[in-house]
Amino acid sequence: MPIDMPIALPDSLLSRLSDFLASQVGLHFPKQSWRDLERGIAAASRESGYRDVETFIHWLLSAPLTRTQIEGLASHLTVGETYFFREKRSLDILEQQILPELLRARAKTEKHLRVWSAGCCTGEEPYSIAMLLDRLIPDFEKWNLTILATDINPRFLRKAAQGIYGAWSFRDTPGWLRERYFTRRKGGRFEIQPRIRRMVTFSYLNLAEDAYPSLVNGTNAMDVIFCRNVLMYFAQERARKVVDKLHRSLIDGGWLITSPAETSTVLFSAFTAIEFPGAFLYRRIAAAGPRTTAVRHPVPSYQGDWEATAAHAPEVLPEAGGEQAKEAEDADSREHDEREMPQRKARACADEGRLAEAIDWCEKAIAADKLNPAHYYLLAAICQERGQSEIAERSLGRALYLEPDFVLAHFALGNLCLSGGRQREARRHFGNALTLLRACPADALLPESDGLSAGRLVEIIASAQASLPRAHKELAA
Ligand SMILES: C[S@@+](CC[C@H](N)C(=O)[O-])C[C@H]1O[C@@H](n2cnc3c(N)ncnc32)[C@H](O)[C@@H]1O
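If you're wondering where the values come from, they're calculated on a predicted model, not measured in any experiment. (Residues numbered from 1 in each chain as written. Predicted model: local features only at pLDDT ≥ 70, side-chain atom pairs only at ≥ 80, totals over all residues.)

Student: Which residues make up the overall build of the chain, and what are the values?
Tutor: Broken down by element type, the chain carries 18 helices and ten strands. Going through the 477 residues of the chain one by one, you find that 38% of them count as buried. (Helix = DSSP H or I, 4+ residues; strand = E, 2+ residues; numbered from the N terminus. Buried ≥ 20, exposed ≤ 12 C-beta atoms within 10 Å, placed from the backbone.)

Quick look at the structure:
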């Protein structure tokens with residue numbers, strides 16, 4: 001379709017479509033953006049094999065969207081405008097003011113740092129952060145660095161993972177950086193060094209819909225979150241919810257970095273705005289107000305089956321009346337609380353980034369209840385965050401020994417193998433998870449998952465599998 005094609009769709013249809021997209025996908029198209037909407041929806045319609053855009057829109061509006069449809073639409077309706085070292089002022093502040101202090105403090109305790117690029121597009125932002133850290137941390141290999149990069153657009157994520165860019169991505173990048181961190185390829189393209197590429201983990205996450213903070217997708221206990229030029233996609237109410245969840249994904253003292261164009265006292269009122277020359281950054285400071293108190297997720301106790309909801313169901317008490325029953329109930333609940341306490345503490349410490357303490361609490365939980373697979377799963381998630389993949393793998397093995405149907409443990413093992421380059425094993429673990437998931441209702445919430453449904457995990461695994469090379473390629477390799 002020519003770029004300047006005039007709007008041809010009726011306003012009433014575009015209005016219905018934009019309302020539908022806001023509620024189903026979380027994408028916001030006010031009237032002034034309807035031209036972009038029309039262009040994107042025409043491309044999505046062509047990809048889906050519809051010749052007539054209106055028929056395609058009516059078909060979309062006829063039923064709730066599946067996740068696959070949401071991902072397909074998002075890949076046509078989001079804008080991939082980004083480049084290396086964009087809005088350099090905030091990166092300079094990070095490099096010169098925030099990180100030196102943070103790194104000095106961490107060097108004395110645990111050498112770890114967690115950064116999230118939320119809405120990472122084709123990867124220029126998280127790779128800029130990786131290059132910055134590479135320059136800033138001389139004893140790099142001694143640190144456990146996490147750079148998580150997520151986006152709603154699977155095409156962008158695929159391009160990001162390839163790490164090959166044209167000259168336009170370097171429009172504001174000093175030449176020496178490109179020389180130092182990229183290798184020239186054919187056709188005037190540049191490939192990022194594998195060392196820098198390996199520092200970044202890319203994954204799909206819809207900021208409007210998916211659960212975070214969560215240990216399952218690694219969005220907890222962040223030191224710094226970049227969410228630049230993304231909030232503009234959301235209507236105000238949705239943006240508020242996203243900002244609230246980003247706030248909870250930060251540790252106390254953590255930083256949210258937005259674009260200067262997104263500065264807002266209302267939207268970021270839970271944060272303390274810190275003014276630097278040329279930019280405002282937002283800091284989560286617990287004492288700043290009531291909304292900054294850490295919010296914990298309820299921890300469902302492991303049930304060993306798919307009836308996650310039963311974990312929250314009130315216990316049925318015997319009909320014995322009066323004081324005696326009440327005392328028995330209190331004693332039961334005290335005992336239950338005491339048994340659950342170490343696991344709750346472990347999770348709370350993990351949420352706050354105090355990983356060594358979190359491990360101590362996990363070990364206490366295991367000592368008190370050796371046969372509970374949920375404790376081993378939690379221990380594995382924390383060890384993985386600390387970069388201790390071998391211990392994490394052993395711990396997941398134990399969880400599965402105790403509960404072979406523990407789907408999140410299969411999934412986590414798949415991810416561990418994937419990040420270790422063991423693709424065949426990853427495929428096997430993902431396959432196990434899928435077999436279990438298909439046997440339960442799509443909307444069942446998975447135990448230990450912070451509210452992840454079985455259906456959603458099927459889709460997450462499908463997109464992880466899509467990034468794996470085909471089996472015959474692997475065999476030939
Ligand atoms: C303009 S780009 C910004 C990229 C980068 N943060 C920067 O500032 O250069 C916006 C990105 O937000 C992503 N996005 C839009 N809606 C999203 C959502 N609901 N969840 C996650 N990412 C989303 C788009 O796919 C796109 O990659």
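Student: Go over helix α6 (residues 124-136) with me, naming the residues and quoting the values.
Tutor: For α6, built from 13 residues, the straight-helix expectation of 18 Å at 1.5 Å per residue is met to within 8% by its first-to-last C-alpha distance of 18 Å. Taken together, the buried positions of α6 are occupied by E124, E125, P126, Y127, S128, I129, A130, M131 and L133. (Expected span 1.5 Å × (residues − 1).)

Student: Account for the pairing of strand β5 (residues 189-192), naming residues and giving values.
Tutor: Both strand β3 (residues 164-165) and β5 contribute to a ladder of two bridges, which runs antiparallel. Considered in β5, the bridge of I164 is made with E191. The sheet contact formed by strand β4 (residues 182-185) and β5 spans four bridges and is antiparallel. Bridge pairing links F182 to I192 in β5. In this structure, the hairpin formed by β4 and β5 is closed by a connection of three residues, where G187 is found at a positive phi of approximately 70 degrees. (Pairing = 2+ DSSP bridges.)

Student: Could you give me a rundown of helix α14 (residues 389-402), with the residues and numbers involved?
Tutor: A rise of 1.5 Å per residue sets the reference length of α14, with its 14 residues, at 20 Å; its end C-alpha atoms lie 20 Å apart and thus fit the reference within 8%. Residues of α14 that are buried: A392, S395, L396, A399 and L400. End-on, the buried residues of α14 take up no more than an arc of 140 degrees, which puts them together on one face. For α14, exposure combined with an orientation more than 90 degrees from the buried face picks out E390 and Y401. In this structure, the buried residues of α14 make contact with α13 (373-385) and α15 (407-419). (Arc of directions from axis to C-beta. Contact = placed C-beta atoms within 7 Å.)

Student: Tell me about the nonpolar core, residues and numbers included.
Tutor: Within the largest apolar cluster, 116 residues are counted, with the highest numbers of intra-cluster contacts made by I225, C362, Y377, A380 and I382. Those residues in contact with Y377 that sit more than four places away from it in its chain are L396, A399, F406, L408, A409 and E448. (Core = buried A, V, L, I, M, F, W, Y, C linked by C-beta atoms within 7 Å.)

Student: Could you give me a rundown of the packing of helix α1 (residues 11-24) against helix α3 (residues 53-61), with the residues and numbers involved?
Tutor: Where α1 contacts α3, the axes come no closer than 11 Å and their chain directions differ by 40 degrees. One element, α1, and the other, α3, form an angle in the oblique class. Handedness of the crossing formed by α1 with α3: left-handed. Contacts from L13, R16, L17 and F20 of α1 reach α3 at E54, I57 and L61. (Axes fitted to C-alpha atoms, helices over the stretch in contact; angles between N-to-C directions. Parallel < 35°, antiparallel > 145°, perpendicular 65-115°, else oblique. Left-handed = near helix turned anticlockwise from the far one by under 90°.)

Student: Can you break down the sheet that holds strand β7 (residues 222-226) residue by residue, with the values?
Tutor: Across the sheet, seven strands lie side by side as β6-β2-β1-β7-β8-β10-β9; this open sheet has mixed pairing. Edge positions in the sheet fall to β6 (200-204) and β9 (272-276), since each has one partner strand and no second. Taking the axes of each pair of neighbouring strands and ignoring which way they run, one obtains an average angle of 25 degrees across the sheet. In terms of strand pairing, strand β8 (residues 250-257) meets strand β10 (residues 279-283) through two bridges, oriented antiparallel. Considered in β10, the bridge of W255 is made with R283. On the sheet, helix α5 (residues 88-108) packs against β1 (112-118), β7, β8, β9 and β10 and is oriented at approximately 35 degrees with respect to β10.

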